[in-house]
Amino acid sequence: MTINGDGTTIEAWTNLAIAGVAQGSMYGMLALGYSMVYGVLGFINFAHGEVFMGGAMVSFFAAQNLFERGVWESNFALSLTIVLVVAVLTSTLIAVIVERVAYRPLRNAPRIIPLITSIGISFFIQYTFAGLFGEGIKNYPPPPSYLRDKVDLFGVLPIEGTKILVIVVTTVSMLGLYYYVQKTKAGRSMRAVAEDREIAALMGINVDRTIVSTFAVGGAMAGVAGILWALLFRSISFITGFLPGIKAFTAAVLGGIGNLAGAMVGGLVLGLLESVGTILILGGWGIPGAGNLKDVIAFSALVLVLIFRPRGLFGERLTHEDRP
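Calculation notes
Residues numbered from 1 in each chain as written. Predicted model: local features only at pLDDT ≥ 70, side-chain atom pairs only at ≥ 80, totals over all residues. Heavy atoms only, no water. Helix = DSSP H or I, 4+ residues; strand = E, 2+ residues; numbered from the N terminus. Rg over C-alpha atoms; globule rule 2.2 N^0.38 Å. Buried < 20%, exposed > 50% of the residue type's maximum accessible area, 1.4 Å probe, protein only. Contact = heavy atoms within 4.5 Å. Areas by Shrake-Rupley, 256 points an atom, 1.4 Å probe, with all protein chains shown as cover. Core = buried A, V, L, I, M, F, W, Y, C linked by side-chain atoms within 4.5 Å. Salt bridge = Lys/Arg side-chain N within 4 Å of Asp/Glu carboxyl O. Axes fitted to C-alpha atoms, helices over the stretch in contact; angles between N-to-C directions. Parallel < 35°, antiparallel > 145°, perpendicular 65-115°, else oblique. Left-handed = near helix turned anticlockwise from the far one by under 90°. Nonpolar A, V, L, I, M, F, W, Y, C, P; charged D, E, K, R; others polar. Phe/Tyr/Trp six-rings, centres within 6.5 Å; stacked < 30°, edge-to-face > 60°.

(A) Molecular detail of the overall build of the protein chain. Of regular secondary structure, the protein chain possesses 13 helices and four strands. Rg of the C-alpha trace for the protein chain: 20 Å, near the compact-globule value of 20 Å for 324 residues, within the 12% margin. Projected onto the principal axes, the alpha-carbon positions of the protein chain cover approximately 60 × 50 × 40 Å. Across the 324 residues that make up the protein chain, the buried fraction comes to 49%. Long-range pairs, those at least 24 residues apart, make up 76% of the contacts in the protein chain with a sequence separation of at least 6. A total of about 15,100 Å² of accessible surface is found on the protein chain, and carbon and sulfur atoms cover 67% of it.

(B) Region of the structure containing the nonpolar core. Membership of the largest hydrophobic core comes to 78 residues, with the highest contact counts inside it found for Met29, Val83 and Tyr140. If we skip the residues at most four places from it in the chain, Met29 touches Thr170, Ser173, Met174, Met221, Val224, Ala225, Leu228 and Met264.

(C) Structural context of the environment of Leu313. Assignment of secondary structure puts Leu313 in the segment after α13 (294-308). For the pair Leu313 and Val253, spaced 60 residues apart in sequence, the C-alpha separation works out to 8.5 Å. Apart from residues lying up to four places away in sequence, Leu313 is in contact with Leu254, Gly255, Gly256 and Val269.

(D) Layout of the pattern of salt bridges. Across all of its chains, the model carries six salt bridges by this definition. The partner of Lys247 in a salt bridge is Asp295, with the nearest N and O atoms 2.8 Å apart. Taken as a pair, Lys247 in helix α11 (residues 242-255) and Asp295 in helix α13 lie far apart in primary sequence, 48 residues in all. Its relative accessible area of 3% is what places Lys247 among the buried residues. Within the structure, one salt-bridge network assembled from shared partners comprises Glu99, Arg104, Arg107 and Asp208.

(E) Local environment of the packing of helix α4 (residues 76-103) against helix α10 (residues 207-233). Where α4 contacts α10, the axes come no closer than 7 Å and their chain directions differ by 140°. By the angle between their directions, the pair α4 and α10 is classed as oblique. Crossing of α4 over α10 shows right-handed handedness. Contacts from Phe76, Leu80, Val83, Leu84, Ala87, Val88, Ser91, Thr92, Ala95, Val96, Glu99 and Tyr103 in α4 reach Ile211, Val212, Phe215, Ala216, Gly219, Ala220, Ala222, Gly223, Val224, Ile227 and Leu231 in α10. Split by residue class, the contact of α4 with α10 holds 18 nonpolar, four polar and one charged.

(F) A look at the packing of aromatic side chains. In this structure the tally under the stated criterion is 12 aromatic pairs. Between the aromatic rings of Phe129 and Phe133, the centroid separation amounts to 5.6 Å while the plane-to-plane angle is 45°, which identifies the pairing as tilted. Residue Phe129 and its partner Phe133 are located together in helix α5 (residues 112-133), separated by four residues, close to a single helical turn. Looking at Phe129, the relative accessible area reads 8%, which means it is buried. We classify Phe133 as partly exposed; its relative accessible area is 27%. Among the aromatic residues, those joined into a ring-pair cluster are Phe60, Phe61, Phe129, Phe133 and Tyr140.

Quick look at the structure:
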């Protein structure tokens, strides 16, 4: 059923909702990096989409190598673990280098300067990867057939195996991040620096190391998101990071920039809006090719949130300096 009451079956809606949750999980993982950096430094790191692309691009070569050796099909769990580790390490390394080379020298500059710098870094990483690996689209090997087939979850809900895997990886990653931020000394330091950098320094916290840790953790989450992208869409190129990066920024704003739980929920809401909302709203209005207009829904959501609830669904987490 659409907004006009025209027919779409329950099974089709279920499939759209599941696809939305899976894609929204990927957006949420990527949005975490935007929120973490904003929470600590108070600016938007627009190069984060390229951190995501870098992890996915380098891990493609690992996946291709495993596929050519027959390991991808014979031992997919091991292959996925190796590819995931490669993506996480690559994205983490890129994020840490960007922080050290581009952002740290601008730590005390007006906020507009690191913001503009992040756009320049974004293009720099894109064309560095284009020069290193070529401009063509690269396709990940297909997952094994048992993951491409649908599984009857609880006997009533048919879900494609790759989407179940995406949701499981996201859930485990989120639980790990929650434990890190809430229960470890490094996580407490991160929260203290996000609260007030000067007071945190007076309390003996190494602010520089904590900021590097924040970029590293955000980069690791971007690496996980890169593998989720590979599982869902399989194709990767040097410009792949741009649009998902902007969507993830939208998700972070939707949930409340600086708020980690908000970033994840914002990602899920955005994924559902793109998947279900496109057919429900645009299809209901009789707009031809509504399924290809999901970006309209995503960026309309960003505009509406900025107009009517600029602090997002869960509220912003601002630093001490930014509070009114």
